[in-house]
Amino acid sequence: MATASVTRLTADHRDQVVIAGSHGGLIAAYLAAKSGVRAVILNDAGVGLDDAGIAGLGYLNGIGMAAATVDAWSARIGDGEDALACGLISHVNSIAAALGIRAGMAAVDAAQRLCRAPLPHSVPPPVHEAAYPLLTQPDCRPVWGLDTVSLAAPAHDGSVILTGSHGGLLDGQAAAALKCTAQAAVFNDAGIGKDNAGIGRLAALETRAIAGATVDARTARIGDARSSWDTGIISRCNDTAFRAGARPGMEAQAFARLFIAF
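Residues numbered from 1 in each chain as written. Predicted model: local features only at pLDDT ≥ 70, side-chain atom pairs only at ≥ 80, totals over all residues. Heavy atoms only, no water.

Draft legend 1. Quick peek at helix H1 (residues 26-34). Of the positions making up H1, those classed as buried are Ile27, Ala28, Ala29, Tyr30, Ala32 and Ala33. Elements in contact with the buried residues of H1: strand E2 (17-23), strand E3 (39-43) and helix H2 (55-61). Following H1 by one or two positions, Gly36 has its phi on the positive side, about 90 degrees. (Buried < 20%, exposed > 50% of the residue type's maximum accessible area, 1.4 Å probe, protein only. Helix = DSSP H or I, 4+ residues; strand = E, 2+ residues; numbered from the N terminus. Contact = heavy atoms within 4.5 Å.)

Draft legend 2. Molecular detail of the pattern of salt bridges. Going through the model one piece at a time under the given rule, you end up with nine salt bridges. Where salt bridges share partners, they join Arg76, Asp79, Asp82, Lys194 and Asp195 into one cluster. (Salt bridge = Lys/Arg side-chain N within 4 Å of Asp/Glu carboxyl O.)

Draft legend 3. Focus on the sheet that holds E3. Ordered by their spatial adjacency, five strands build an open sheet running E1-E2-E3-E4-E5, and the pairing between neighbours is mixed. Across the chains shown, the open sheet's two edge strands, defined by having one partner strand only, are strand E1 (2-3) and strand E5 (89-92). Note that E3 and strand E4 (residues 66-70) share five bridges and pair parallel. Within E4, the residue paired with Ile41 across the bridge is Ala68. (Pairing = 2+ DSSP bridges.)

Draft legend 4. Region of interest: the sheet that holds strand E8 (residues 160-166). Strand order in the open sheet formed by six strands is E6-E7-E8-E9-E10-E11, and the pairing between neighbours is mixed. Both outer strands of the open sheet, strand E6 (131-135) and strand E11 (234-237), are each paired with one neighbouring strand and no more. Averaged over all adjacent pairs, the angle separating strand axes in this sheet is 25 degrees, with direction ignored. Judged from the four bridges that link them, strand E7 (residues 143-146) and E8 form a sheet pairing that is parallel. Directly across from Leu146, in E8, lies its bridge partner Thr163. (Axes fitted to C-alpha atoms, helices over the stretch in contact; angles between N-to-C directions.)

Draft legend 5. Focus on the environment of Ile101. Its location among the elements puts Ile101 in the loop between helix H4 (94-98) and helix H5 (107-114). Ile101 sits 14 residues away from Cys115 along the chain, and the two C-alpha atoms are 12 Å apart. Apart from residues no more than four positions distant in its own chain, Ile101 is found in contact with Ile89, Val92, Ala96, Ala110, Arg113 and Leu114.

Draft legend 6. Quick look at the pairing of E2. In terms of residue burial, E2 counts as a mostly covered element, since seven of its seven residues are buried. The sheet contact formed by E1 and E2 spans two bridges and is parallel. Its bridge partner being in E2, Ala2 is matched across the sheet by Ile19. In the sheet, E2 pairs with E3 via four bridges, with the strands oriented parallel. By the bridge assignment, Val18 is partnered in E3 with Val40.

Draft legend 7. Fine view of the nonpolar core. Counting 24 residues, the largest nonpolar core has Val143, Val160, Leu162 and Phe255 as the members making the most contacts within it. Breaking this core down by element, the ones donating at least two residues are E6, E8, strand E9 (184-188), strand E10 (211-215), helix H7 (225-231), E11 and helix H9 (252-257). Within the second largest apolar cluster, 22 residues are counted, among which are Val6, Ala29, Val47 and Ala67. (Core = buried A, V, L, I, M, F, W, Y, C linked by side-chain atoms within 4.5 Å.)

From the geometry alone we can't say anything about function, so treat these as descriptive.
And the structure:
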């Protein structure tokens, strides 16, 4: 079964092999395991800083769940159907490897083998995702860290957001790029990948006059907004951000400060 994101898993996915467009980090792995799937194939998001884009594989190994990732350059992040049709396996955990799954294998073939995977033997340990202030100054817009963009809410309207999520559109749907009207928003570029999918939200935000940017996945851990704040370096930005002075190569903190004045 293919899905754009592990956030869309339902009871219908229980005990199934799922190919999801989500990154292969800890949060996505936890949500997949929590939903009760048998095995999962995710996107390696360019692997990135501290191997964060595939960190979920070892995490799932610990509960006895088979897992693998597809190469971000073989399938669009945020698009499970593309992963199923075109994805090539890049990394596997030991349980998947025992089933004969190897790097370079077509994801569709790997999924068939994963149907023989044992069910996980234990409950997944919690992986917490949170929204938290990164910068607050008098008479300035707040800067929020959101470990996942799904935490964006009307309460963040008018603020500056740094999110740990990838910058891809789920199933290519521009309307779902950001569920609030932020002044500016930063995502992880997930290695950019096939069809520039890892930066797909930037054009969608441009149509709403929201300054958008991504940090290079090699400079910040995907799924970790604080990592983007601490060490993230901007890789791409949309025209609205560019007109405000944003440039690739600048620090994420410097980007955020461009937009905090009212």
